[in-house]
Amino acid sequence: MKLRLMDDMEADDPIQSVVNLIDVFLVIIAALLLAVANNPVNPFSTESVTVIKNPGKPNMEVVIKDGQKIERYKASGEIGEGQGNKAGVAYRLKDGSMVYVPEAGADPSAAETPVQASE
């Protein structure tokens, strides 16, 4: 009968449940470390990455990571202006994607013309 009492005491041991919780937390920590390591903007990676946050919205932001250097550009909402040549035409497809088509026979040495961006 003493053996049964010893079995019951081991079954109710609160340390057993604490050990199981520690194992669960170790698995969660390992998963979080893998998620950080696979993040494209990971500060420890040397890859070049460009991330666009909130595309097309007033608070749009472009994050460019080149090796260890990270640059952020925020949309100001202003229309841009400058000198350049028409290089082609962009079309928006029904699915929302954009296609750029370069002009055939465009002369890159042509005189520069004023270009103004539009919304």
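Now for a description of the structure that goes with this document. Since the model is a prediction, treat every value here as computed from it, not as a measurement.

### Some points on the overall build of the protein
- Looking only at helices and strands, one finds two helices and seven strands in the protein.
- Taken from N to C terminus, the helices and strands of the protein fall in the order α-α-β-β-β-β-β-β-β.
- Burial statistics for the protein: of 119 residues in total, 8% are counted as buried.
- Residue pairs in contact within the protein that sit at least 24 positions apart in sequence constitute 27% of those at least 6 positions apart.

### A word on the environment of A90
- Position of A90 relative to the elements: it lies in strand β5 (residues 88–92).
- For A90 and Y100, which are 10 residues apart along the polypeptide, the C-alpha to C-alpha distance reads 4.3 Å.
- Here A90 is in contact with M98, V99 and Y100, once residues within four sequence places are set aside.

### Looking at the pattern of salt bridges
- Counted according to the given criterion, the structure contains three salt bridges.
- Linking E61 and R72 is a salt bridge whose minimum nitrogen-to-oxygen distance equals 3.2 Å. Within this pair, whereas E61 is found in strand β2 (residues 61–66), its partner R72 is found in strand β3 (residues 69–74), the two being separated by 11 residues in sequence.
- One salt bridge in this structure joins K86 and E103, with 3.6 Å as the shortest N-O distance. With K86 in the loop between β4 (81–84) and β5 and E103 in the loop between β6 (98–102) and β7 (113–116), this pair connects stretches of sequence that are 17 residues apart.
- The exposed category is assigned to K86, whose relative accessible area is 55%.
- According to the relative accessible area criterion, E103 is partly exposed, its value standing at 34%.

### Quick look at the side chain of E61
- Classification of E61 as buried rests on a relative accessible area of 12%.
- Polar contacts involving the side chain of E61 include one to the side chain of R72, which spans 3.2 Å.
- E61 has contacts with V51, I52, K53, R72, Y73 and K74, leaving out every residue within four places of it along the chain.

### Some points on unusual backbone geometry
- Look at N54: it is not a glycine, yet its phi comes out positive at around 50 degrees.
- For N54, the location among the structural elements is in the loop between β1 (48–53) and β2.
- Its relative accessible area of 35% is what places N54 among the partly exposed residues.

### Considering a nonpolar patch on the surface
- There is a patch of nonpolar side chains on the surface, built from L21, V24, F25, I28, I29, L32 and L33 and spanning about 700 Å² of accessible area.
- With respect to the element layout, L21 can be found in helix α2 (residues 14–38).

### Focus on the pairing of β5
- Sheet analysis places β5 next to β6, joined by five bridges and oriented antiparallel. Looking at β6, one finds that Y91 is bridged to V99.
- Hairpin connection from β5 to β6: five residues lie between these consecutive antiparallel strands, with G96 at a positive phi of about 95 degrees.

What counts and what doesn't
- Residues numbered from 1 in each chain as written.
- Predicted model: local features only at pLDDT ≥ 70, side-chain atom pairs only at ≥ 80, totals over all residues.
- Heavy atoms only, no water.
- Helix = DSSP H or I, 4+ residues; strand = E, 2+ residues; numbered from the N terminus.
- Buried < 20%, exposed > 50% of the residue type's maximum accessible area, 1.4 Å probe, protein only.
- Contact = heavy atoms within 4.5 Å.
- Salt bridge = Lys/Arg side-chain N within 4 Å of Asp/Glu carboxyl O.
- Polar contact = N/O pair within 3.5 Å; in protein donor to acceptor, adjacent residues only side chain to side chain.
- Patch = residues over 30% accessible without salt bridge, like charges linked within 9 Å, V, L, I, M, F, W, Y side chains within 5 Å.
- Areas by Shrake-Rupley, 256 points an atom, 1.4 Å probe, with all protein chains shown as cover.
- Pairing = 2+ DSSP bridges.

All we've got here are geometric facts, nothing functional implied.
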